[in-house]
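# Close look at the chain arrangement
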Amino acid sequence: MNAARDIAPEADAEADTKAAAEPGTDAELDTDVIVVGAGPTGLLLGAELALGGVRVQILERRTAAQRDSRALTLHPRSVELMDQRGLVERFLALGRPVPEWHFAGLDTRLDFSGMDTRHGYTLFLAQARTERLLAERARELGVPVRRGYEVVGLRQNTDGNGEHAGRRGGETAKGGVEVEVRGPDGAVETVRARYVVGCDGGRSVVRQAAGIDFPGTDETLSGALGDFATVDPVALDRARAHGVLAVPLDPGAEDDRGEDDPAEGPEGPEGPEGMKETAGTDGRTGGLTRIVLLDPERIRTPSAEPMTLDEFRASLRRICGTDCAVAQPRWLSRFGNATRLAARYRAGRVLLAGDAAHIHFPAAGQGLNTGLQDAMNLGWKLAAEINGWAPTGLLDSYHAERHPVGQAVTENTEVQTLLAELTLLPSYQRPAAALRALLTDLLGIEEVNRRLAGLVSALDTGYPPAVTDADPLVGRRMPDLALTVAGSATIRVYELLPHGRFVLLDLAGDEEMRRSVQAGWGKRVTPHTVTAHDSRTDLDGVREILVRPDGHIAWATRATDVRARRIERFRALTGWAGLPAGG
């Protein structure tokens with residue numbers, strides 16, 4: 001297999017010459033990174049690596065792109081990520097914004113519209129369309145997606161642990177990963193790379209081959225879903241009153257449909273019951289209607305057992321007294337509540353992202369979104385490692401930052417699953433109803449609603465700073481301020497991030513800043529002198545802000561002394577973006 005892209009421009013001639021003579025470097029490698037899995041996580045990661053100048057290949061065992069609607073949501077933080085890369089208009093053109101969401105299906109909804117973001121909504125968009133847009137992005141960046149290639153084995157060389165050798169110019173430690181791949185013709189070949197990232201789902205071959213533990217709980221409950229071309233909309237209202245989720249899909253969603261793949265479960269029920277008021281179709285107008293249910297008599301059925309139309313109709317009749325006239329199913333499936341979190345997101349030169357790192361009940365539609373955010377966190381760090389400028393420990397910070405997020409998601413989905421299950425068990429129905437009523441009431445308190453909305457939307461995701469005296473802004477997502485930079489009209493912060501570099505904002509007007517940053521870190525950090533910006537109390541007194549490629553704040557200072565601020569800046573830049581050129 002041939003790589004699609006050359007080594008990053010930071011690689012100098014001396015490093016390239018030396019690499020050609022050493023084992024485990026470019027002369028023996030097919031690519032820098034192999035991404036296994038062409039779902040949303042793998043496609044975004046491949047694009048992010050290519051944006052960082054890294055040679056990458058995506059291997060996908062399926063021969064065709066995903067066409068089932070599957071997951072249906074992009075939450076606010078994921079929409080922000082698309083905005084940061086200049087892609088948001090493509091997604092908005094195909095999706096439908098929904099300002100309210102749900103937690104455990106409680107009657108009081110989570111209000112995203114009042115969140116501190118320009119994208120205070122969930123974007124209702126079938127996974128097939130999300131994948132199509134991300135595949136388009138990958139193609140634009142020259143990333144090959146090799147379909148029909150199944151990973152059957154993996155081994156790491158023992159002379160490299162993934163840390164770079166300490167010299168600038170793209171040289172990494174010796175060693176790499178050899179991946180055994182079975183192609184469309186059945187032949188097995190070996191593909192060599194510096195790193196492999198498993199984005200290959202809950203049954204990840206990469207995770208198993210790397211020996212990474214996947215602790216958690218087995219499935220104890222399953223639900224059912226179906227996408228139907230024909231329904232009775234009047235009966236659907238009755239079904240909703242009995243807790244059945246009925247979500248109209250866009251008329252074009254049927255075009256994305258493909259054959260069901262029972263080996264890969266769906267993201268599952270994501271939409272709130274209240275989404276009916278945003279509906280553009282009811283099953284009679286050419287679109288599909290997704291129906292999701294938990295049947296008390298069938299919740300112990302293994303999710304691997306095929307779902308039939310007769311069983312689905314019988315479950316609807318038991319729950320609400322009508323089968324809603326469902327017909328012409330385009331997709332029938334089950335989903336389970338197995339919950340597991342990888343013990344490590346990195347083992348040497350093997351890393352995990354998305355469902356390969358965490359699986360859970362699809363409560364509130366967080367799975368796909370968490371995977372996209374994994375990819376955004378990992379892409380620039382792995383590119384920095386391969387290009388040779390990553391500070392010590394940068395790649396390990398991927399696990400340190402994202403593993404707690406995965407744990408928080410698995411925990412909150414377990415809570416939501418328990419609330420749903422208790423209402424189905426006769427011995428718990430009365431206290432469960434009382435508990436749900438109490439929680440519904442608590443969600444009416446603005447602060448409580450805001451807390452859970454921040455959790456589900458991922459807008460409150462922050463990463464603990466490495467030092468105790470860091471500014472309170474450090475680790476938080478950067479707000480999308482409107483600002484004016486020297487020599488330009490008003491622009492948004494996110495419009496400064498499409499190239500995947502650090503952005504340094506000077507709010508104090510230090511004339512020396514741009515020159516010194518461009519001289520030392522010009523290919524990694526883009527400096528801007530800010531002459532005006534939106535007023536915010538959390539920015540009072542802030543003189544400079546270093547924004548990471550993934551839109552989180554790496555460093556901020558309120559130092560008024562110019563000399564002290566320059567010293568802080570140098571430490572921050574070397575700590576995050578590596579040694580300066582010639583340093």
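Quick caveat: nothing in here was measured; it's all calculated off a predicted structure.

Rules used throughout
- Residues numbered from 1 in each chain as written.
- Predicted model: local features only at pLDDT ≥ 70, side-chain atom pairs only at ≥ 80, totals over all residues.
- Heavy atoms only, no water.
- Patch = residues over 30% accessible without salt bridge, like charges linked within 9 Å, V, L, I, M, F, W, Y side chains within 5 Å.
- Areas by Shrake-Rupley, 256 points an atom, 1.4 Å probe, with all protein chains shown as cover.
- Salt bridge = Lys/Arg side-chain N within 4 Å of Asp/Glu carboxyl O.
- Lys, Arg positive; Asp, Glu negative; His and termini not counted.
- Charge placed at Lys NZ, Arg CZ, Asp CG, Glu CD.
- Buried < 20%, exposed > 50% of the residue type's maximum accessible area, 1.4 Å probe, protein only.
- Pairing = 2+ DSSP bridges.
- Helix = DSSP H or I, 4+ residues; strand = E, 2+ residues; numbered from the N terminus.
- Contact = heavy atoms within 4.5 Å.
- Axes fitted to C-alpha atoms, helices over the stretch in contact; angles between N-to-C directions.
- Phe/Tyr/Trp six-rings, centres within 6.5 Å; stacked < 30°, edge-to-face > 60°.
- Lys NZ or Arg CZ within 6 Å of the ring centre and 35° of its normal.
- Right-handed = clockwise from strand over helix to strand, strands pointing away.
- pLDDT = per-residue confidence, 0-100.

Judged by side-chain charge, Glu 100, Asp 111, Glu 446 and Glu 447 come together as a negatively charged surface patch. In this structure Glu 100 comes out as partly exposed when scored by relative accessible area, which is 39%.

Spatially, three strands are ordered E12-E17-E20 in an open sheet, and the strand pairing comes out antiparallel. Looking at which strands have only one partner, the edges of the open sheet turn out to be strand E12 (216–217) and strand E20 (358–359). As defined by bridge partners, strand E17 (residues 339–341) adjoins E20 across two bridges and the pair is classed as antiparallel. Along E20, the bridge assignment pairs Leu 341 with His 358. Seen against the sheet, helix H10 (residues 397–422) touches E12, E17 and E20 and runs at an angle of roughly 170° to E17.

Let us now look at the packing of aromatic side chains. Considering all chains together, one arrives at seven aromatic pairs under this definition. Between the aromatic rings of Phe 335 and Phe 361, the centroid separation amounts to 5.4 Å while the plane-to-plane angle is 50°, which identifies the pairing as tilted. Of the two residues, Phe 335 is situated in strand E16 (residues 327–336) and Phe 361 in the loop between E20 and helix H9 (367–387); the sequence distance between them amounts to 26 residues. Under the relative-accessibility criterion, Phe 335 is labelled buried at 3%. On the basis of relative accessibility, which here comes to 6%, the residue Phe 361 falls in the buried class. Here the aromatic residues Trp 380, Trp 389, Phe 502 and Trp 576 are joined through ring pairs into a cluster of three or more. Sitting above the plane of the Phe 214 ring, Arg 207 keeps its charged end 3.6 Å from the centroid. Against the face of Tyr 195 rests Arg 349, its NZ or CZ located 5.1 Å from the ring centre.

Bringing the pairing of strand E21 (residues 482–485) into the picture now. Across the two faces of E21 the burial is the same, with Ala 482 and Thr 484 and Leu 483 and Val 485 all buried. Here E21 runs beside strand E22 (residues 490–492); their pairing, made up of three bridges, is antiparallel. Across the sheet, Ala 482 pairs through a bridge with Arg 492, a residue of E22. Hairpin connection between E21 and E22: a loop of four residues separates the two successive antiparallel strands, and Gly 487 in this loop has a positive phi of roughly 80°. The pairing of E21 with strand E24 (residues 525–533) spans three bridges and is classified as antiparallel. Its bridge partner lying in E24, Leu 483 is registered against His 533.

Most of strand E23 (residues 502–506) sits out of view: five of its five residues are buried. Burial of E23 is two-sided: the residues Phe 502, Leu 504 and Asp 506 facing one way and the residues Val 503 and Leu 505 facing the other way are all buried. Pairing analysis gives five bridges linking E23 to E24, with the strands arranged parallel. In the strand pairing of E24, Leu 504 is matched with Pro 527. On the question of chirality, the crossover connecting E23 to the parallel E24 by way of helix H13 (residues 513–521) is right-handed. By the bridge criterion, four bridges tie E23 to strand E25 (residues 544–547) in an arrangement that is antiparallel. Bridge pairing links Leu 505 to Ile 545 in E25.

Now for the pattern of salt bridges. If you walk through the whole model with that rule in mind, you get 44 salt bridges. Here Glu 297 and Arg 318 are joined by a salt bridge, their closest N and O atoms 3.5 Å apart. Placement of the pair is Glu 297 in the loop between strand E15 (289–293) and helix H8 (309–320) and Arg 318 in helix H8, with a sequence separation of 21 residues. For Glu 297, a relative accessible area of 59% puts it in the exposed group. The partner of Glu 495 in a salt bridge is Arg 492, and the shortest N-O contact between them spans 4.0 Å. Using a relative accessible area of 42% as the deciding quantity, one classes Glu 495 as partly exposed. Accessibility expressed as a relative area gives 19% for Arg 492, which makes it buried.

Before going further, it helps to examine the confidence of the model for the chain. Scored by pLDDT, the chain comes out at a mean of 87, with 85% of its residues at no less than 70. A low-confidence stretch, residues 159–173 (pLDDT under 50), is modelled with 54 contacts involving residues beyond four sequence positions or located in other chains. Note on residues 257–285: pLDDT under 50 across the span, and 94 contacts to partners over four residues away in sequence or across chains.

Let us look at unusual backbone geometry. For Ala 325, which is not glycine, the phi torsion reads 55° and is therefore positive. Inspection of the secondary structure puts Ala 325 in the loop between H8 and E16. In the Ramachandran plot, Gln 328 falls in the positive-phi region, its phi being about 50° despite a non-glycine side chain. Its location among the elements puts Gln 328 in strand E16. On the accessibility criterion, Gln 328 (44% relative accessible area) is partly exposed.

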